[in-house]
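Understanding the architecture of this molecule
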Amino acid sequence: MSRASLSKQPHEVAAMFDQTAGRYDLMNDVLSLGQVRLWRRAVNEAVAAGEGMTILDIAAGTGTSSEPFAAAGARVVPADFSLGMLRVGKQRRADLSFTAADATRLPFADGTFDVVTMSYGLRNVVDHERALAEFLRVTRPGGRLVVSEFSHPTNAAFRRVYVQYLMGALPTVARRLSSNPESYVYLAESIQAWPDQRGLATQVQAAGWREVQWRNLAGGIVALHRAVKR
């Protein structure tokens, strides 16, 4: 299997990420033109990790997104359903508690975490509404949700240029650099099919989260959604 369909069968998506794990972080940097570092910084600021906090970083992949939380003194659990990603992450950072987890059936007790965060993974979950409810379940009262996900540029002219890059240049670059370039065609298509900022905010609220808000990054290429569990 070289490419997952937009039906997002979990075993197919997991296999796709297993195949891209070795060069995943490099590809993110190249294909985002280095912007992923700025987006990650925005996530870190929103999470505001500190001593004594417990953080679930779901869809953490190789754990790059988890490292700043650990450096800030928090206990972070990098979780993913791709065993290939987890293996690469464990080789890089044996000290982190990498955990195999399905976002729709999390292996954690109710009210475990101060913050649940997910970057660029919710789009790949077979039932993201159920996942949002699971995130709520494992978050303590007063705890927070931080979701960074690709979204819709707000400027129409910029959106047209972005779509051309997404559907044209991105797969071309991926064919040169990735061991599984077809997976990036899937990723581009899944971004196109994803709800806009307000649409995702509505789904977050419907799952039971409160004080839902979002911040656009890079003109809306990425949206950073935040919410609180009452």
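Attention in this report is confined to the structure presented alongside it. Here the residue index of a chain counts from 1 through its sequence in written order. Local features in a predicted model are, by the rule used here, given only for residues with pLDDT of at least 70; side-chain atom pairs are given and counted only at 80 or more, and totals for whole chains, interfaces and linings are based on all residues. Based on all heavy atoms of the structure, the side-chain values leave hydrogens and waters out of the count.

**Let's talk about the overall build of the chain**
- Check the secondary structure of the chain and you find nine helices and seven strands.
- For the chain, the proportion of contacts with a sequence separation of at least 24, taken over those separated by at least 6, is 66%.
- Every accessible area reported is derived by Shrake-Rupley at a probe size of 1.4 Å, with residue values counting cover from the shown protein chains alone. Of the roughly 10,200 Å² that the chain leaves accessible, carbon and sulfur atoms contribute 52%. Put simply, DSSP marks the helices as runs of H or I at least four residues long and the strands as runs of E at least two long, and each gets a number from the N terminus on. By definition in these notes, contact holds between two residues if any of their heavy atoms fall within 4.5 Å.

**Remarks on unusual backbone geometry**
- With a phi angle near 60 degrees, Tyr120 is a residue other than glycine that sits in the positive phi range.
- For Tyr120, the location among the structural elements is in the loop between strand 4 (113-119) and helix 6 (128-138).
- Phi angles above zero are rare outside glycine, and Ala218 is one such case at about 55 degrees.

**Concerning the packing of aromatic side chains**
- Aromatic pairing here means that ring centres of Phe, Tyr or Trp (its six-membered ring) are within 6.5 Å. Orientation follows from the plane angle: under 30 degrees is stacked, over 60 is edge-to-face, and everything else is tilted. Tallied over the entire structure, the rule returns four aromatic pairs.
- For the ring pair Trp39 and Tyr120, a centre distance of 6.3 Å and an interplane angle of 50 degrees mean the geometry is tilted. Note that Trp39 is positioned in helix 3 (residues 35-47) and Tyr120 in the loop between strand 4 and helix 6, a separation of 81 residues in sequence. Tyr120 shares its class with Trp39; the two are buried.
- Ring geometry for Trp39 against Phe150: centres 6.0 Å apart, planes inclined by 90 degrees, an arrangement best described as edge-to-face. One end of the pair, Trp39, is in helix 3; the other, Phe150, is in strand 5 (residues 139-150), and 111 residues separate them in sequence.
- Under the relative-accessibility criterion, Trp39 is labelled buried at 6%.
- Each member of the aromatic cluster is reached from another via a ring pair, and the members are Trp39, Tyr120 and Phe150. To sort residues, take the accessible area from a 1.4 Å probe on protein chains only and compare it with the maximum for the residue type: under 20% means buried, over 50% means exposed, and anything in between is partly exposed.

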